Amino acid sequence: MSFTEDGNSDADISDSFVTDAEDSENEINRPGNLINGPWFTIIEPNSFFIDRLPSFSPDHGPVGFDANLSPYDYFEKFISEDDNSLFDIIVEETNRYATLNANDPTPQGRGNNWKPVSKQELSAFFGLLLAMGIVRKPSYASYWGNGNKNALTYTPNFPQIMSRNRFQEILRFLHCNDNALAVERGQAGYDPLHKVANIIEFFNRTFEENYRLSQNVCIDERMIGFKGRHFLKQYIANKKAHRWGVKAWVLAESGTGYTHQLELYKGKSNAPRHPDGQGYKVVTDLMRPHFGNQHHVTIDSWFTSPKLVHDLRNRGTYCTGTVITTRKGMPQSFRKAKLPKGTILAKSQGPVMSVLYSDRRQVSLLTTAGSAKMTRKPNSKGKVVKAPALVHKYNETMGGVDLGDQFIAQYEPQFRSLKLWKKILFNLLMTATVNAYICYRNTFVVQKKMDHLTFQQEIIQGLIGQHREGQTRPGRRCLLQSTRLTARHFIEWIPNKRRMRCAVCSGKENRFSGTRIRTWCPDCGVGLCVGRCFKHFHTLQIYEE
């Protein structure tokens, strides 16, 4: 049986369900207002369909991507618009902020010698930052020490690209929107995220412009990791990637994990209370541009309510979600029901069906598309389980946000910052790289796809480009490059019984990497081990390999 748009059945209503005595005490309203109407018990849930999802337009997926684009070209579409660029915004705001605040109280402070950052230099800065997510080290300084190269993955040579002091200087003065006229905290109109609000809007636009969602989408929470002091910081125990941080509500595609829109939580005091609850407002705000497109959105019990499900259906959007049995408008009989394991209790209210299912524990769901028929399907671990069809549908379509979180956490740089908005900025940048990778995988299927790690490395190389303004390591090695391979050299003892590290094997991953030796080449001015190291240094073009 199916329902028409006005909520009325196209068959005899008494053929499939009967009214529950406890629920029929509610006032029966006219067909146009079924939210407060009675719930009818479904006698044969295995043969009852509340509605079937209509056919969806095949025109979905990446928009405007060609098959011959490089990984960096994919990423660049998410950081640039027709007349605007993310790096242009940050360069302008960073230079303006640094000009006003670059006076360091100490004579030798880094801020006293500030020079304006360029777009190319800022691009290299973000490239180095993303590289820190591939090869992780305990501190910033360790990236500028010995042993920057990793045999398994591409890692840029940090000292050659940018000096450590310059990197930390840019990180210190980095700004997106230092609005001096921002409303102070506690006053009406205060935005706690005003420094990054323009960047959030920027990414939401590019995420929407470059991708069309398929029929199955989901809305869930995402935690942006932050352990500093801020009144927006929360703790959510069931988030594996980050338990501490600021909460964001994300609209994502169920199958791919593509992040389409996100909205950050700004606290109770900075948002007017919605009469139907915060969860109702979040779902309707994120889905409003997609009303009437026959999407199917999956949500969890924090968002779901009978009123929300009814309103979404009236606006051309299907919905499935777990729900708390004590929500306003839920069947009264669900609150105290004790079902044997493997059984269900199904009720309908116009175009909405509620199901109480007992497995290891009882779970209640609401849906406007699907069936409560018991079916067998493999779960995420490959084990075939028997459950209602809408339970399988929920499990298949609810994990889009979590899938995106897994992609982000895989190569997310773990850096420390006392500024919450910087953590948000870098999380959005990582989200853009993940979205670019998802678009790359779904654009064409002719050639073999590169994996996520290789794709991330290609983006890093594209960001860094040919930028080389860093400092080289101290010593005479770079000055004697021309004579190192041509002149005659002899190994000698270091005068005054001094010791030096070997210029070839120092920093290598072996047990002698930190050993100081007593032999050197006096013409080159570097310590060298007798034998292989001395020979390699004076014969190989690139002796570090």
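> Explain the overall build of the protein chain to me, and be specific about the residues and the numbers.
Helices and strands together make up the secondary structure of the protein chain, namely 15 helices and 22 strands. A total of 545 residues make up the protein chain; the buried ones form 49% of that total. For the protein chain, the share of sequence-separated contacts (at least 6 apart) that also reach a separation of at least 24 residues comes to 66%.

> Pulling in residues and values, what's your account of the nonpolar core?
If you look at the biggest cluster of nonpolar residues, it comprises 122 residues, and the most contacted ones within it are Leu122 and Phe126. For this core, the element with the most residues is helix α12 (residues 420-443), which contributes 15 residues. When residues no more than four places from it in sequence are discounted, the contact partners of Phe126 are Phe87, Ile90, Leu174, Leu425, Phe426, Leu429 and Leu463. Listed in part, the 13 residues of the second largest apolar core include Cys502, Cys529, Phe534 and Phe537.

> Can you lay out a positive patch on the surface for me, pointing to particular residues and giving the numbers?
Together, Lys341, Arg360, Arg361, Lys381 and Lys383 line one region of the surface with positive charge. With respect to the helices and strands, Arg360 occurs in the loop between β13 (352-358) and β14 (362-367). For Arg360, a relative accessible area of 79% gives the class exposed.

> So what's going on with the pattern of salt bridges? Which residues, and what values?
Within this structure, the stated rule accounts for 13 salt bridges. Salt-bridge contacts for Asp285 lead to Arg288; the nearest nitrogen and oxygen are separated by 3.0 Å. For Asp285, a relative accessible area of 25% puts it in the partly exposed group. Classification of Arg288 by relative accessible area gives partly exposed; the value is 44%. A salt bridge links Lys377 to Glu396, with the shortest nitrogen-to-oxygen separation between them at 3.6 Å. Placement of Lys377 in strand β16 (residues 374-378) and of Glu396 in helix α10 (residues 389-397) is noted, with a sequence separation of 19 residues between them. On the accessibility criterion, Glu396 (48% relative accessible area) is partly exposed.

> Lay out the packing of aromatic side chains with the relevant residues and their values.
Inspection of every chain in the model, using the stated rule, returns 26 aromatic pairs. Taken together, a centroid distance of 6.0 Å and an interplanar angle of 70° make the contact between Phe407 and Tyr437 edge-to-face. Separated by 30 residues along the polypeptide, Phe407 in helix α11 (residues 400-410) and Tyr437 in helix α12 bring together distant segments of the chain. Each of the two residues, Phe407 as well as Tyr437, counts as buried. When the ring of Tyr437 is compared with that of Phe455, the centres are 5.3 Å apart and the planes differ by 55°; the resulting orientation is tilted.

> How would you explain helix α3 (residues 119-131) if you had to name every residue and give the values?
Taking 1.5 Å as the rise per residue, α3 with 13 residues should run 18 Å; its terminal C-alpha atoms sit 18 Å apart, in good agreement. Of all the 13 residues making up α3, eleven are buried; the element is thus mostly covered by neighbouring parts of the structure. Residues of α3 that are buried include every one of Glu121, Leu122, Ser123, Ala124, Phe125, Phe126, Gly127, Leu128, Leu129, Leu130 and Ala131, and no others. If you follow the buried residues of α3, they end up packed against α1 (71-76), α2 (86-101), α4 (158-161), α5 (164-173), α12 and α13 (452-464).

> Explain the pairing of strand β8 (residues 244-253) residue by residue, including any values.
β8 sits mainly inside the fold: nine of its ten residues count as buried. Alignment of strand β6 (residues 216-225) against β8, held across nine bridges, turns out to be antiparallel. Looking at the pairing, Val217 lines up with Glu253 of β8. With two bridges joining them, strand β7 (residues 234-235) and β8 adopt antiparallel strand pairing.

> An account of unusual backbone geometry is needed here, citing residue identities and associated values.
In this structure, Gln294 is a non-glycine residue whose phi angle is positive, near 65°. In this fold, Gln294 is placed in the loop between α7 (278-287) and β10 (296-299).

> Provide a residue-level description of the sheet that holds strand β22 (residues 526-527), including the pertinent values.
Note on sheets: strands pair through backbone hydrogen bonds, and any given pair is parallel or antiparallel. An order of β18-β21-β22 is seen for the three strands of this open sheet, with the pairing classed as antiparallel. Edge positions in the sheet fall to β18 (492-493) and β22, since each has one partner strand and no second. Across two bridges, strand β21 (residues 519-521) lies against β22 in antiparallel orientation. When the bridges of β22 are listed, Trp520 appears paired with Gly527.

> Please provide a residue-by-residue account of the environment of Tyr280, values included.
Of note, Tyr280 is situated in helix α7. In the structure, Tyr280 is positioned 25 residues away from Ser305 in sequence and 7.8 Å away in space, judged by C-alpha atoms. With residues up to four places along the chain from it excluded, the contact list for Tyr280 reads His274, Lys307, Leu308 and Asp311.

> Break down the confidence of the model for the protein chain for me, citing the residues and quoting the values.
When pLDDT is averaged along the protein chain, the result is 81; 81% of the residues meet or exceed 70. Here strand β1 (residues 17-19) stands out as the element of the protein chain with the lowest mean pLDDT, 41, in contrast to β10, whose mean of 96 is the highest. Contacts for the low-pLDDT stretch residues 1-32, under 50 throughout, to residues beyond four places or in other chains number 65 contacts. Confidence over residues 147-152 falls short of pLDDT 50; this stretch has eleven contacts with residues more than four positions distant or in other chains.

> Before we move on, can you summarise the side chain of Asn95 with the specific residues and values?
Relative to the elements of secondary structure, Asn95 occurs in helix α2. On the basis of relative accessible area, Asn95 is assigned to the buried category, the value being 16%. Within the local environment of Asn95, its side chain forms a polar contact with the backbone nitrogen of Val117, the two atoms lying 2.8 Å apart.

Basis of the calculations
- Residues numbered from 1 in each chain as written.
- Predicted model: local features only at pLDDT ≥ 70, side-chain atom pairs only at ≥ 80, totals over all residues.
- Heavy atoms only, no water.
- Helix = DSSP H or I, 4+ residues; strand = E, 2+ residues; numbered from the N terminus.
- Buried < 20%, exposed > 50% of the residue type's maximum accessible area, 1.4 Å probe, protein only.
- Contact = heavy atoms within 4.5 Å.
- Core = buried A, V, L, I, M, F, W, Y, C linked by side-chain atoms within 4.5 Å.
- Patch = residues over 30% accessible without salt bridge, like charges linked within 9 Å, V, L, I, M, F, W, Y side chains within 5 Å.
- Areas by Shrake-Rupley, 256 points an atom, 1.4 Å probe, with all protein chains shown as cover.
- Salt bridge = Lys/Arg side-chain N within 4 Å of Asp/Glu carboxyl O.
- Lys, Arg positive; Asp, Glu negative; His and termini not counted.
- Charge placed at Lys NZ, Arg CZ, Asp CG, Glu CD.
- Phe/Tyr/Trp six-rings, centres within 6.5 Å; stacked < 30°, edge-to-face > 60°.
- Expected span 1.5 Å × (residues − 1).
- Pairing = 2+ DSSP bridges.
- pLDDT = per-residue confidence, 0-100.
- Polar contact = N/O pair within 3.5 Å; in protein donor to acceptor, adjacent residues only side chain to side chain.

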